[in-house]
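# Architecture at a glance
Residues per chain, in single letters:
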Amino acid sequence: MTSKDVARFIGKSVWWRKIGYALITATTLREWYIKTKLAKILENKNDNFTFLDAGSGIGQHAIAISEKYQKAKVDGIEWDHEQVEDCNYYVRKTGKDNIRFFQGDLADLEKSEKYDVMLCSSVLEHIDQ
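Only a predicted model underlies this, so the values are computations on that prediction, with no experimental measurement involved.

Among the 5 residues of strand 1 (residues 50-54), 5 are classified as buried, and the element is accordingly described as predominantly covered. Burial along strand 1 is two-sided: Thr50, Leu52 and Ala54 and Phe51 and Asp53, pointing in opposite directions, are all buried. Pairing geometry for strand 1 and strand 2 (residues 73-78), over 5 bridges, is parallel. What sits directly across from Leu52, in strand 2, is Asp75. On the question of chirality, the crossover connecting strand 1 to the parallel strand 2 by way of helix 4 (residues 60-68) is right-handed. Here strand 1 pairs with strand 4 (residues 117-120) via 4 bridges, running parallel. Across the sheet, the residue bridging to Phe51 is Val117, located in strand 4.

Before going further, it helps to spend a moment on the packing of helix 2 (residues 14-27) against helix 5 (residues 81-94). In contact at an axis separation of 10 Å, helix 2 and helix 5 are set at 110 degrees when each is read in the N-to-C sense. For the element pair helix 2 / helix 5, the angle class is roughly perpendicular. The handedness of the crossing between helix 2 and helix 5 is left-handed. Two secondary-structure elements touch here, helix 2 through Val14, Arg17, Lys18 and Tyr21 and helix 5 through Asp86, Cys87, Tyr90, Lys93 and Thr94. A breakdown of the residues in the contact of helix 2 with helix 5 according to their chemical character gives 4 nonpolar, 1 polar and 4 charged.

What follows is about the sheet that holds strand 3 (residues 99-103). Pairing within the open sheet is parallel, and its 4 strands lie in the order 3-2-1-4. Edge positions in the sheet fall to strand 3 and strand 4, since each has one partner strand and no second. Averaged over all neighbouring strand pairs, the angle between strand axes comes to 15 degrees, with direction disregarded. Sheet analysis places strand 2 next to strand 3, joined by 5 bridges and oriented parallel. Bridge pairing in strand 3 links Ile77 to Phe102. Where helix 3 (residues 29-42) meets the sheet, its contacts fall on strand 1 and strand 4, and the angle it forms with strand 4 comes to roughly 170 degrees.

Calculation rules
- Residues numbered from 1 in each chain as written.
- Predicted model: local features only at pLDDT ≥ 70, side-chain atom pairs only at ≥ 80, totals over all residues.
- Heavy atoms only, no water.
- Buried < 20%, exposed > 50% of the residue type's maximum accessible area, 1.4 Å probe, protein only.
- Helix = DSSP H or I, 4+ residues; strand = E, 2+ residues; numbered from the N terminus.
- Pairing = 2+ DSSP bridges.
- Right-handed = clockwise from strand over helix to strand, strands pointing away.
- Axes fitted to C-alpha atoms, helices over the stretch in contact; angles between N-to-C directions.
- Parallel < 35°, antiparallel > 145°, perpendicular 65-115°, else oblique.
- Left-handed = near helix turned anticlockwise from the far one by under 90°.
- Contact = heavy atoms within 4.5 Å.
- Nonpolar A, V, L, I, M, F, W, Y, C, P; charged D, E, K, R; others polar.

Structural measurements only, silent on function.
In structure tokens:
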């Protein structure tokens, strides 16, 4: 099941999205590794850092960071505009102001944009050579 399939199943419901995020984290070993490594990377950071989820999919990593570190500036870039719309809908419904999702191609990311931490998971296999 792809992240797009998961997003379609969850729909626009904030409650179902939260349940979906929890299920993905609890049942996927890769998610556990990502969560563990991010915690290690961020343990010595103050709350005021910038974070990019490159290929954010349904947004579970970016949203988790924005919830835990409320002073952080969190961005999610995703190629699929429907997933970006779904993530931004969730952000609006939950009132988060430290996170945004935008549609784009990682290869076209502005070099002037700087981030303290970047996550790129399950993305490289989708980039054309």
